[in-house]
Amino acid sequence: MGLDFSEFDGAAAELYQWASACLGWDLAETLRTASPDELRQTYIAQPAIFCVSVAALRALEAAGVPRPAYVAGHSLGEFSALVAAGALSFEAGLLLVARRAEAMQRAADARPGSMSSVLGLSAEGVEMAVEATAQDQVLAVANDNAPGNVVVSGEWAALERLPAAAKELGAKRVVPLNVGGAFHSPLMTPAVETFQPHLAAAPLRDPSIPVVANATAEPVTSAEELRELLARQLTGRVRWTESVRRMAALGVDTFIEVGPGTVLSGLIKRSVEGARILSAANAEGVAEVADALRAQADGDARDAAKADVAKGEDQGEVVVLPERFAVSPGHGRFYPVSPSRYDDERPYVEPGDLLGEVRNGAASIPVRSPFRGWVMAHLAWEGELVTPGQILLSLRPF
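To keep things clear, this report deals only with the structure shown in the data block. Per-chain numbering applies: the sequence of each chain, read as written, is numbered from 1 onward. Given that this is a predicted model, residues contribute local features only at a pLDDT of at least 70 and side-chain atom pairs are listed and counted only at 80 or more, while totals for whole chains, interfaces and linings are drawn from all residues. Side-chain measures here rest on the full set of heavy atoms in the structure, leaving out hydrogens and waters.

### Quick word on the side chain of Q46
Helix and strand definitions follow DSSP, with helices as H or I runs of at least four residues and strands as E runs of at least two, each counted in order from the N terminus. Within the secondary structure, Q46 sits in helix α5 (residues 42-62). Every residue pair with non-hydrogen atoms within 4.5 Å of one another is taken to be in contact. Apart from residues no more than four positions distant in its own chain, Q46 is found in contact with L76, V97, R100, A101 and M104.

Printed below as a string of structure tokens:
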């Protein structure tokens, strides 16, 4: 899982090394040698999946893939979505994920439980089955993944009673999941209590891209609201079907799954008819996504040019001006400089202009603009700890 990023991408290899230093164990070696049972342990699985997802994100950025209109992540994936939205640095996200995983593992050890997937029954039907079988034990809908794919979480005895009630209501199958606990259920309440202080202290900021939250299936642009929803997510339902359909209603027609596996691609396909779905699960997938989006952009430009000709308008040439990004050249803390050039629209830079510097101890690496362009947004704040390839500023050439 994710080893091709570290083996063939120098920036990803450095990211994995940085992650290993933060975690206190060798991430790449664990991915290479751990058994399937070890990789399923929550305290290993969650930081590993987060790191692989961010490595894929950085590879997409390096390939020139434009920023999305919205981001969303399924459960743990919300944290890599926050990195993509500029709300959280990689290091801060990694430490939050590690603390979250530890808190969930402790809660699961204290009150054992598990999860089961109910197939072929609506979310409303699954709720009825849960109500009929819970009795005096904890049982709750954990993930509304897609139409006909709903996950239930709770205590073992209640889960054992679930299949009979679900099948009586029309479910095709009830499949026990091989997971480490009853996640997204009230059994995780102790995890919330443990995790909240870390969440409160995290350097979370307002995202530059709306984050469609698991807990509400609505776009969020406030850091304080995100803190509350990230805590609520541990014991509450992941509203994935609603989230995907909400993005589609907002005009999203292309979804890119970033990180290991293609499970979400299948869920999205079942939730939104006709959606275009791309997957960046490995280095090859990243290249395919970049090529597909580049071809789409070229096609859109040609269509726009043809439309202008058909209208008889003398437009000269059609130029597409996507945003580009200045990225960190190394590990350290980023310190931007105030722009010195302004036009009527906004600050701008010329090729070679200093955008800031990344400091690591006594060393200082300058960050310079490779082209002429407007400064659209600062995506790393002053003094933020950054990694190689992390986006620092958004620029638009002109």
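Now that the structure has been shown, the text picks up again.
### Let's talk about the sheet that holds strand β3 (residues 149-154)
A strand pair is defined by DSSP finding two or more bridges across the two strands. Within the open sheet, the 4 strands sit side by side as β2-β3-β1-β4. Their pairing is antiparallel. Both outer strands of the open sheet, β2 (139-146) and β4 (173-177), are each paired with one neighbouring strand and no more. Averaged over all pairs of adjacent strands, the angle between strand axes in this sheet comes to 25°, irrespective of strand direction. Note on method: axes are straight lines fitted to C-alpha atoms, helices fitted across the in-contact stretch only, with angles between N-to-C directions ranging 0 to 180 degrees. Across the sheet, helix α13 (residues 263-271) touches β2 and β3, and the angle it forms with β2 is around 80°.

### Things to note about the sheet that holds strand β11 (residues 348-349)
Within a sheet, neighbouring strands are paired by backbone hydrogen bonds and run either parallel or antiparallel to one another. As summarised here, the arrangement of the 4 strands in space is β9-β16-β14-β11, forming an open sheet in which the pairing is antiparallel. Whereas interior strands pair on both sides, the edge strands pair on one side only; in this sheet they are β9 (324-327) and β11.

### What about the nonpolar core?
As used in this record, nonpolar core signifies buried Ala, Val, Leu, Ile, Met, Phe, Trp, Tyr and Cys residues forming a set joined through side-chain atoms within 4.5 Å. Each residue gets one of three labels from its accessible area relative to the maximum for its type: buried under 20%, exposed over 50%, partly exposed in between, using a 1.4 Å probe on protein chains only. In terms of nonpolar packing, the biggest core is built from 56 residues, with Y16, F50, F79, L82 and F90 touching the most fellow members. Taken together, the elements giving at least two residues each to this core come down to α2 (10-23), α3 (27-33), α5, α6 (77-84), α7 (90-110), α10 (189-201) and α11 (223-233). With 10 residues, the top contributor of residues to this core is α7. Ignoring any residue separated from it by four or fewer positions in sequence, one finds F50 in contact with L76, F79, S80, V83, F90, G93, L94 and V97. Within the second largest apolar cluster, 18 residues are counted, among which are A134, L139, A171 and V174.

### Topic: the pattern of salt bridges
Salt bridges are defined as contacts in which a side-chain nitrogen from Lys or Arg sits within 4 Å of a carboxyl oxygen from Asp or Glu. Under the counting rule described, the total for this entry stands at 13 salt bridges. Here E384 and R205 are joined by a salt bridge, their closest N and O atoms 3.7 Å apart. Here the residue E384 occupies a position in strand β15 (residues 384-386), and R205 occupies one in the loop between α10 and β5 (211-212), the gap between them amounting to 179 residues. Like E384, the residue R205 is buried in the burial classification. Of the charged contacts, one joins D353 and R341 as a salt bridge, the two residues approaching to 2.6 Å between their closest N and O atoms. With D353 in the loop between β11 and β12 (354-360) and R341 in the loop between β10 (332-336) and β11, the pair connects residues that are 12 residues apart, well separated along the chain. Residue D353 is classed as buried on the basis of its relative accessible area of 17%. Relative accessible area serves as the criterion here: at 31%, R341 is assigned to the partly exposed category.

### A look at the pairing of strand β14 (residues 373-378)
Across 2 bridges, β11 lies against β14 in antiparallel orientation. Each residue of the ladder has a partner; that of V349, found in β14, is G373. Across 5 bridges, β14 lies against strand β16 (residues 391-397) in antiparallel orientation. Looking at β16, one finds that G373 is bridged to P397.

### Structural notes on the packing of α10 against α11
Each pair of packed helices can be summarised by the angle the axes make with each other and by the distance between the axes. Running from N to C, α10 and α11 point in directions that differ by 160°, and their axes come no closer than 10 Å. In terms of orientation, α10 lies roughly antiparallel with respect to α11. For the pair α10 and α11, the crossing hand works out as right-handed. Between α10, through V192, Q196, L199 and A200, and α11, the contact on the second element is made entirely by R227, L230 and A231. Its residues assigned to classes, the contact of α10 with α11 comprises 5 nonpolar, 1 polar and 1 charged. Roughly parallel means an angle under 35 degrees; roughly antiparallel, over 145; roughly perpendicular, 65 to 115; everything else is oblique. Put simply, a crossing is left-handed when the front helix is turned counterclockwise from the back one by less than a right angle, and right-handed when it is turned clockwise. Ten residues, namely Ala, Val, Leu, Ile, Met, Phe, Trp, Tyr, Cys and Pro, are considered nonpolar, four, namely Asp, Glu, Lys and Arg, are considered charged, and the remaining ones, Gly among them, are considered polar.

### Some thoughts on the side chain of Q105
Position of Q105 relative to the elements: it lies in helix α7. On the accessibility criterion, Q105 (13% relative accessible area) is buried. Not counting chain neighbours up to four residues away, the residues in contact with Q105 comprise Q41, T42 and Y43.

### Section: the packing of aromatic side chains
Aromatic rings from Phe, Tyr and Trp, taking only the six-membered ring of Trp, are treated as a pair when their centres fall within 6.5 Å; an angle between ring planes under 30 degrees marks them as stacked, one over 60 as edge-to-face, and anything in between as tilted. Using the criterion set out here, one finds 2 aromatic pairs in the structure. Relative to F90, the ring of F50 has its centre 5.7 Å away and its plane inclined at 5°; by these criteria the two rings are stacked. Linking F50 in helix α5 with F90 in helix α7, this pair joins segments that are 40 residues apart in sequence. Each member of the pair F50 and F90 is classed as buried.

### Description of the packing of α6 against α11
Running from N to C, α6 and α11 cross one another at 160°; their axes reach a closest spacing of 11 Å. It follows from the interaxial angle that α6 and α11 lie roughly antiparallel. Crossing of α6 over α11 shows left-handed handedness. Here E78, F79 and L82 of α6 come into contact with α11, specifically with L226, L230 and Q233. Of the residues in the contact of α6 with α11, the class split is 4 nonpolar, 1 polar and 1 charged.

As far as function goes, none of this settles anything; it's purely spatial.
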